[in-house]
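Chains, contacts and geometry: an overview
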Amino acid sequence: MAKVQLANVTVLDNPTAFMNPFQFEITFDCQEDLADDLEWQIVYVGSASSEAYDQTLDSVLVGPVPAGKHRFVFQVCL
């Protein structure tokens, strides 16, 4: 079983103006204490047939993470 399970992703401020940042509320469950950081990424998928066109828009490290339910807002400014 996975140590981290994604529970929910909510898109905030939707719809929004073109120049506003993307905002996502991420909720996840951690089954045990994690000493290392978790890396979260927002990836724009440019093509369903090839990863060559994917672009990482932003990434963030969260941690250390104790066991339990956690929530944070991930904001991507372009």
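Report on the accompanying structure. Since the structure is predicted, the reported quantities are computational estimates derived from the model, not experimental observations.

Right, let's get into the overall build of the protein chain. The helix and strand inventory of the protein chain stands at zero helices and five strands. The secondary structure elements of the protein chain, listed N-terminal to C-terminal, are β-β-β-β-β. Along the longest, intermediate and shortest principal axes, the C-alpha atoms of the protein chain span 40 × 30 × 20 Å. Within the protein chain, buried positions represent 19% of all 78 residues. Accessible surface, the protein chain as shown: approximately 5700 Å² in total, 51% of it carbon and sulfur.

Assignment of secondary structure puts Leu-57 in strand β4 (residues 55-62). For the pair formed by Leu-57 and Val-76, sequence separation is 19 residues and the distance between their alpha carbons is 7.1 Å. The residues touching Leu-57, leaving out its near neighbours within four places in the chain, are Phe-22, Ile-42, Tyr-44, Val-76 and Leu-78.

So, on to the environment of Asn-8. Structurally, Asn-8 is set in strand β1 (residues 4-12). In the structure, Asn-8 is positioned 21 residues away from Asp-29 in sequence and 9.7 Å away in space, judged by C-alpha atoms. If we skip the residues at most four places from it in the chain, Asn-8 touches Glu-25, Ile-26 and Thr-27.

Conventions adopted
- Residues numbered from 1 in each chain as written.
- Predicted model: local features only at pLDDT ≥ 70, side-chain atom pairs only at ≥ 80, totals over all residues.
- Heavy atoms only, no water.
- Helix = DSSP H or I, 4+ residues; strand = E, 2+ residues; numbered from the N terminus.
- Buried < 20%, exposed > 50% of the residue type's maximum accessible area, 1.4 Å probe, protein only.
- Areas by Shrake-Rupley, 256 points an atom, 1.4 Å probe, with all protein chains shown as cover.
- Contact = heavy atoms within 4.5 Å.

Keep in mind these values describe shape, not function.
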